[in-house]
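Chain and residue survey
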Amino acid sequence: MLKGKRILITAGPTKEFIDPVRFISNASSGKMGYAIAEELYSKGAEVILITGPTNIRCNLPDTKVVHVTTALEMLKACRHYFGSVDIAIFTAAVADYRPLNRELSKIKKNDDTMVVELTKNPDIAFEFGKVKDPHQLSIGFALETDNIIEYGKGKMNKKKFDFIVLNTTNENGEGFGFDTNKISILFRDHAVKSFPLKSKKEVAKDIISELESQIKNIEVH
Ligand code: PMT
């Protein structure tokens, strides 16, 4: 069912530089996004992986891997493929803000306090939602510490996701960095399906199986 489908996946963190040696980022390892890319590849999909800086090497043959550092670079790389993909999966933990000015020289620590003015980054998934065709599907992710369903619904509606994968950092083994994750999937009809803690490889299988069900529903109706 996914054979030959062209699928864009974002993965990993972005890094937003303050000066040549310092940056704002987050703890995303890229493991979740890369596991999804592998699962899709094993199903015969044409995978386009747009990845922030990670320690993972993607060895999937015939897979387009685009390495980016910042949110602006990730948006530019994604925009290139937006019009030609069947499905987009937004796993990346994109930095919401970047320093307004990136200093060209290393900032000296002369003062006891320092203020870095930040400006909002573009929202890549939201941008896709604005141009998404009816035949294109998109899956979002949300990592929350509280009000997970409520915030998840808000993000799904705003970014026009067909479903959203929710995860938290509340328990050991969940969310950033681990080889495991515990997810719930929130659907457009507000149904929620929860899964136990599993390896990210198994979690990727669960997500892709839900994606296949969605495609089947669309094809039947
Ligand atoms: O990489 P790992 O260590 O394996 O960890 C996996 C993960 C925790 C990073 C992943 O499972 C996850 O939850 N990713 C989304 C993190 C998040 O909190 O996203 P968000 O709530 O900021 O954004 C919601 C959605 O919009 C996400 O699909 C995100 O990719 C997308 N987004 C957000 C901001 C932005 N500027 N552009 C985006 O595309």
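Structure's up top.
Residues numbered from 1 in each chain as written. Predicted model: local features only at pLDDT ≥ 70, side-chain atom pairs only at ≥ 80, totals over all residues. Heavy atoms only, no water.

1. Looking at the overall build of the protein
- Along the backbone of the protein there are five helices and 14 strands.
- In terms of overall size, the protein behaves like a compact globule, its C-alpha atoms giving a radius of gyration of 18 Å where 221 residues would be expected to give roughly 17 Å.
- Projected onto its principal axes, the C-alpha coordinates of the protein cover approximately 65 × 35 × 30 Å.
- Per-residue burial for the protein yields a buried fraction of 45% across its 221 residues.
- Of the accessible surface of the protein, which amounts to about 11,800 Å², a share of 49% is contributed by carbon and sulfur atoms. (Helix = DSSP H or I, 4+ residues; strand = E, 2+ residues; numbered from the N terminus. Rg over C-alpha atoms; globule rule 2.2 N^0.38 Å. Buried < 20%, exposed > 50% of the residue type's maximum accessible area, 1.4 Å probe, protein only. Areas by Shrake-Rupley, 256 points an atom, 1.4 Å probe, with all protein chains shown as cover.)

2. What about the sheet that holds strand S6 (residues 87-90)?
- Taken together, the eight strands give an open sheet; going across it, the order is S5-S4-S1-S6-S9-S10-S12-S13, and neighbouring strands pair in mixed fashion. Edge positions in the sheet fall to strand S5 (64-67) and strand S13 (192-194), since each has one partner strand and no second. The sheet shows a mean angle of 15 degrees between the axes of neighbouring strands, taken without regard to direction.
- Two strands pair when backbone bridges link them, and strand S1 (residues 6-11) and strand S4 (residues 46-51) are joined in this way by six bridges, in the parallel orientation. Bridging from a neighbouring strand, Arg6 pairs with Glu46 of S4. (Pairing = 2+ DSSP bridges. Axes fitted to C-alpha atoms, helices over the stretch in contact; angles between N-to-C directions.)

3. Remarks on the pattern of salt bridges
- Applying the stated criterion across every chain yields a total of 14 salt bridges.
- For Arg6, the salt bridge identified is with Glu46, shortest N-O distance 2.5 Å. Here Glu46 lies in strand S4 and Arg6 lies in strand S1, a separation of 40 residues in the sequence.
- Between Arg22 and Asp19 there is a salt bridge whose closest N-O contact spans 2.5 Å.
- Beyond isolated ion pairs, a larger network of salt bridges with shared partners links Arg79, Glu127 and Lys130. (Salt bridge = Lys/Arg side-chain N within 4 Å of Asp/Glu carboxyl O.)

4. As for the packing of helix H2 (residues 71-82) against helix H3 (residues 124-131)
- Packing of H2 against H3 brings their axes to within 10 Å, and their N-to-C directions diverge by 25 degrees. In terms of orientation, H2 and H3 fall into the roughly parallel class. Seen along the crossing, H2 lies across H3 with a hand that is right-handed. Mapping the contact onto sequence places Ala71, Met74, Leu75, Cys78, Arg79 and Phe82 in H2 and Ile124, Glu127, Phe128 and Val131 in H3.
- Its residues assigned to classes, the contact of H2 with H3 comprises eight nonpolar, no polar and two charged. (Parallel < 35°, antiparallel > 145°, perpendicular 65-115°, else oblique. Left-handed = near helix turned anticlockwise from the far one by under 90°. Contact = heavy atoms within 4.5 Å. Nonpolar A, V, L, I, M, F, W, Y, C, P; charged D, E, K, R; others polar.)

5. Considerations on H2
- With twelve residues, H2 ought to run about 16 Å at 1.5 Å a step, and its terminal C-alpha atoms sit 16 Å apart, in line with that.
- Along H2, the residues that are buried comprise Ala71, Met74, Leu75, Ala77, Cys78, Tyr81 and Phe82.
- Looking at the buried side of H2, the elements it contacts are S1, strand S2 (16-19), S4, S5, S6 and H3. (Expected span 1.5 Å × (residues − 1).)

6. Thoughts on unusual backbone geometry
- Positive phi outside glycine occurs at Asn147, with the angle close to 45 degrees.
- Within the secondary structure, Asn147 is located in the loop between strand S9 (137-143) and helix H4 (148-159).
- When its relative accessible area of 41% is taken as the criterion, Asn147 is described as partly exposed.
- Look at His190: it is not a glycine, yet its phi comes out positive at around 75 degrees.

7. Remarks on H3
- Within H3, burial applies to Ile124, Ala125, Glu127, Phe128 and Gly129.
- Buried positions along H3 lie against H2, S6, S9 and H4.
- At the N-terminal end of H3, a side-chain oxygen is found 3.2 Å from the backbone nitrogen of Ala125, two or three residues along, and the residue is Asp123. (Polar contact = N/O pair within 3.5 Å; in protein donor to acceptor, adjacent residues only side chain to side chain.)

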